[in-house]
Structures are given as structure tokens and as C-alpha cells.
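Structure assessment
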Amino acid sequence: RMITVEEVRNFFSMGKIVFEFEKNLRERLALSIFSKKKISILNFRRYQIKPGIRKFEIELFSIIDKLIPESLIEINEAGTNINFIPGISKKSKVFHKIKSLRGVSYFVEFVLYLLLFNPVRTEIKIEGLRALNLDVSLENIIFITFPLMRKIGLRDLRIKIFTNYFSLLYNTELLIFSSNFSSETGFLLNNSGFLKNIRIIFSSSYNNFFKINHFQKMNDNFDKFSQINQKFYNFKIINKNIFFQTVSLVGESSTGCLLGGDFSSIKKKNLNFWRNKINQILFSLSNEIYQGSCIDGQTQIFFFLKMLCSKKTNTTEICVSNLTLTTIEFFRDVKKFTGNIFSIKSTFGKKPLKIGLY
């Protein structure tokens with residue numbers, strides 16, 4: 001027989017975890033799927049001028065609905081109360097076209113969260129908008145997040161990027177592929193070494209491209225820069241309907257740690273602005289590695305989600321110089337969903353924080 005709306009609501013009300021407000025939606029949905037526990041989110045932007053869930057957040061549920069089709073989602077008419085029950089079975093081939101104006105990297109990060117829980121062959125195609133400064137750049141995802149995820153178990157994770165030369169809204173197409181992997185393997189990242197190599201990646205639209213020779217002599221006014229192996233890359237996106245500039249820095253330490261930073265702009269900035277921005281990011285990367293951090297703040301959640309998947313018998317440990325606010329709130333949410341507690345210990349020498357799960 002058909003299940004009634006009242007029966008669905010009664011089912012939602014039993015044994016659920018309740019949150020208020022809209023923060024950390026992606027992380028809480030990921031934890032719900034991992035723990036197979038239903039959640040309710042109340043007062044979603046209730047006290048803002050325009051209350052309720054936004055279109056780009058509904059896109060997350062659309063991705064879930066395609067990848068985990070048995071999931072149940074209930075949103076009230078005002079969009080301020082959300083109930084979610086995660087499904088179990090997962091599809092191996094998914095296509096999603098982003099209809100909101102949020103950058104594609106916001107959704108790619110969420111897809112990568114879900115792939116950590118899905119250790120079977122999966123192929124996901126996403127179309128959307130390339131660059132916004134609200135989120136991590138696509139370049140950082142490609143050159144930092146993907147290599148790091150291969151290091152912690154997803155060895156055959158691959159991505160292909162295609163540019164739509166004419167579309168304004170769907171200017172970027174991504175094909176993400178992950179083969180079978182063991183989600184329970186552990187990892188150990190507790191020696192940051194020193195900053196050895198730096199890659200500076202310039203990406204820009206057709207009508208706003210960088211002149212790379214203006215940046216290749218930056219070591220003249222930044223002493224530390226001259227002591228590091230450096231490579232420059234300049235990518236031009238041939239689409240006259242979009243306008244952006246992105247600078248992404250990838251730092252590699254002597255022990256193989258990868259850290260990054262980036263900045264994107266949809267407005268034209270002068271040469272001095274970009275030089276100062278690169279110097280700021282480089283100083284931040286150098287300082288994090290010096291303080292003993294093996295990853296940057298943008299990739300912390302990936303590693304801690306992977307810790308949840310790993311068997312407790314496996315050695316799993318990572319060192320960071322600082323925890324982001326999102327990570328601290330994530331630790332609290334993990335305890336609510338699973339009862340697991342992350343161990344945070346201070347260390348000697350450079351004094352990073354040593355994080356494990358016990």
C-alpha cells in the first residue's frame with residue numbers, strides 16, 4: 001500500500017538527531033549518510049530577511065537523491081524545517097546539472113565526502129559554474145584535494161574537466177571517477193618537514209588572462225620565495241561569456257605533505273594586488289608547515305571523515321597547526337552521530353596538534 005504523509009512524519013520523529021540553523025549542512029548530511037541516522041534541521045535561516053533553504057542547498061539533496069535514491073527528504077513550505085533519512089543503496093553512475101549560481105567546487109567537495117563512504121566503482125558527471133570566491137577554487141581541488149585523497153585510500157580517483165565555450169551558466173563540466181577501494185585503511189601524516197616546492201597556478205577567462213612574466217621575478221621582493229623550487233602555470237579558459245581570475249598556490253613539503261591557498265575574483269585586479277595576494281598565501285603556507293601542519297584548513301574535513309571510515313585497529317593520525325571552526329563543530333557533530341571522540345594532543349618541537357580517533 002501507499003505510505004501516507006502522516007506515517008512518514010511519525011517515522012521522522014523517532015530517534016532523530018536535531019539541529020538548529022543552517023551551518024555546516026554538507027558535513028551534517030555526510031555524517032547522517034555515514035551513520036545511517038536521520039536528522040532534522042529546524043529554523044533554517046528563520047530569522048533572516050529571506051528565511052528558508054536556498055536553491056544551491058536544495059542541489060545537495062538533489063545530488064543525494066541521485067547517488068542514494070532511497071533517501072527520504074521532507075522540507076516544509078517555508079523551507080525552514082528539513083527532515084532527512086539517508087538511504088542505503090548507492091548508484092554507480094550519476095549526472096547532475098547545477099541550476100543555481102553557486103560555484104561547482106562547492107558541490108564537488110560534497111561529492112568527495114560521499115565517495116569516501118562508497119568504496120565501489122563510481123562515475124559522477126557535474127555541470128556548473130566555474131569560479132566564485134565563496135568556495136575553494138577548482139584548481140585547489142584538482143592539485144591538492146585529489147592527490148591527498150589518493151594518498152588516504154582512493155588510489156584511482158580521477159577527474160576530467162571540460163569547458164563549454166558558449167554557455168554562461170554551465171561553463172564547466174567535470175567527470176569524476178573512483179574505482180573500488182578499501183574504505184577501512186588507515187593513514188599516518190605526522191611529519192610536516194619543510195616547504196620544498198611551490199606551484200603557482202594562474203587561471204583566467206579569455207578576456208582577462210594573466211601575463212605570467214609579470215610574476216616570475218617575484219623573488220626580488222620576497223626573500224623566502226627565492227629559496228623554494230618554483231613552477232608557474234597559466235591556464236586560459238576560452239569562454240567569452242565569463243569573467244574571472246584565480247590564483248592558486250600548492251605547497252609541497254620535504255615529507256610529501258600538500259597544503260594550498262587560493263583567491264578568485266570576478267572583477268579585474270591590478271598587478272600589485274595579485275603580487276600581494278600571492279605573498280600572503282605563500283607566507284601562510286610556509287608558516288603552517290613550519291608549525292608542523294601536514295594539511296591546510298580547506299582539506300581537514302576530508303581527513304577526519306576518512307578517520308571515521310578507518311578501522312580502529314589501523315594507525316590513523318594527522319598533525320595540524322590549527323583547527324578551523326568548521327572542524328571543531330564537526331568534532332561535536334561526530335560525537336552526536338556516532339559517539340566517537342577525536343583525541344587532540346599537543347606535541348613537542350614545532351608544537352602542532354596531533355589528531356586521532358579513539
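The numbers attached to residues start from 1 for each chain and follow its sequence in the written order. In view of the model being predicted, local features appear only for residues whose pLDDT reaches at least 70, and side-chain atom pairs are presented and counted only at 80 or more, with totals across whole chains, interfaces and linings using the full set of residues. To get the side-chain values, all heavy atoms of the structure are used, and hydrogens and water are removed first.

Some remarks on the side chain of Asp296
Put simply, the rule is: Labels follow the DSSP assignment, with helices taken as runs of H or I lasting at least four residues and strands as runs of E lasting at least two, numbered in each case from the N terminus. Exposure is judged per residue with a 1.4 Å probe applied to protein chains only, and the accessible area is read against the type maximum: over 50% gives exposed, under 20% gives buried, and values in between give partly exposed. None of His or the chain ends enter the tally, which takes Lys and Arg as positive and Asp and Glu as negative. Definition used for salt bridges: Asp or Glu carboxyl oxygen within 4 Å of a side-chain nitrogen of Lys or Arg. Under the rule applied, a polar contact is a pair of N or O atoms within 3.5 Å (in protein, one hydrogen donor and one hydrogen acceptor; residues adjacent in sequence only if both atoms are side-chain atoms). For this analysis, residues touch if any pair of their heavy atoms sits within 4.5 Å.
The residue Asp296 is located in the loop between α6 (271–290) and α7 (300–309) in this model. Buried within the structure, Asp296 lacks any salt-bridge partner; its nearest side chain of opposite charge belongs to Arg199, at an N-O separation of 11 Å. Engagement of the side chain of Asp296 in a polar contact is seen with the backbone nitrogen of Gln298, the distance being 2.8 Å. With near-sequence residues (within four places) excluded, Asp296 lies in contact with Ile144, Leu258, Leu259, Gly260 and Glu288.

Re the packing of helix α2 (residues 25–35) against helix α8 (residues 325–338)
Quick note on the threshold: Only the stretch in contact is used when fitting a helix axis, every axis being a line fitted to C-alpha atoms; angles between N-to-C directions are given from 0 to 180 degrees. We call two directions roughly parallel when the angle between them is under 35 degrees, roughly antiparallel when it is over 145, roughly perpendicular when it lies between 65 and 115, and oblique otherwise. Helix crossings are classified by the rotation of the near helix relative to the far one: an anticlockwise turn of less than a right angle makes the crossing left-handed, while a clockwise turn makes it right-handed. Residue polarity is assigned by list, with Asp, Glu, Lys and Arg as charged and Ala, Val, Leu, Ile, Met, Phe, Trp, Tyr, Cys and Pro as nonpolar; anything else, Gly included, falls into the polar class.
Remark: α2 packs on α8, axes separated minimally by 10 Å, with the N-to-C direction vectors making an angle of 30°. The orientation of α2 relative to α8 falls into the category roughly parallel. Both α2 and α8 take part in a crossing whose hand is right-handed. Contacts between α2 and α8 involve Glu27, Arg28, Leu31, Ser32, Phe34 and Ser35 from the first element and Thr326, Phe330, Asp333, Val334, Phe337 and Thr338 from the second. Residue composition of the contact of α2 with α8, by class: five nonpolar, four polar and three charged.

Regarding the layout of surface pockets
Note the cut-off: Whether a set of points on the 1 Å grid over the protein atoms alone is a cavity depends on a 1.4 Å probe fitting there but being unable to get out, while an open set qualifies as a pocket with protein on both sides within 12 Å along at least five of seven lines; lining residues are those with an atom within 4 Å of a point. Grid points are joined across faces, edges and corners, and a volume is the space filled by probe spheres set on the points.
Its boundaries defined by the atoms lining it, the largest pocket holds a volume of some 450 Å³. Along its surface, the largest pocket is lined by 21 residues, and Arg26, Glu27, Glu109, Asp135 and Thr326 are the ones closest to its centre. Looking at the lining of the largest pocket, the elements that each hand over two or more residues are α2, α3 (55–67), α4 (104–115) and α7. Its residues placed into classes, the lining of the largest pocket shows eight nonpolar, five polar and eight charged.

Some remarks on the nonpolar core
Condition: In this text, buried Ala, Val, Leu, Ile, Met, Phe, Trp, Tyr and Cys residues form a nonpolar core when linked through side-chain atoms within 4.5 Å.
One finds Phe330 and Phe342 to be the most contacted residues of the largest nonpolar core, which totals 93 residues. Take this core: its biggest share by element is ten residues, from α4. Contact partners of Phe342, with chain neighbours within four places excluded, come to Phe304, Met307, Leu308, Phe330, Phe331, Val334, Ile355, Gly356 and Leu357.

A few points about a nonpolar patch on the surface
Quick reminder of the rule: Two distance rules govern patches: like charges are joined within 9 Å, and nonpolar side chains (Val, Leu, Ile, Met, Phe, Trp, Tyr) within 5 Å, applied only to residues with over 30% relative accessible area and no salt bridge. Per-residue accessibility takes into account occlusion by the displayed protein chains alone, with areas from the Shrake-Rupley method and a 1.4 Å probe.
Side chains of Ile58, Ile73 and Ile75 sit close together on the surface and give an oily, nonpolar patch of about 210 Å² of accessible area. Relative to the elements of secondary structure, Ile75 occurs in strand β3 (residues 72–75).

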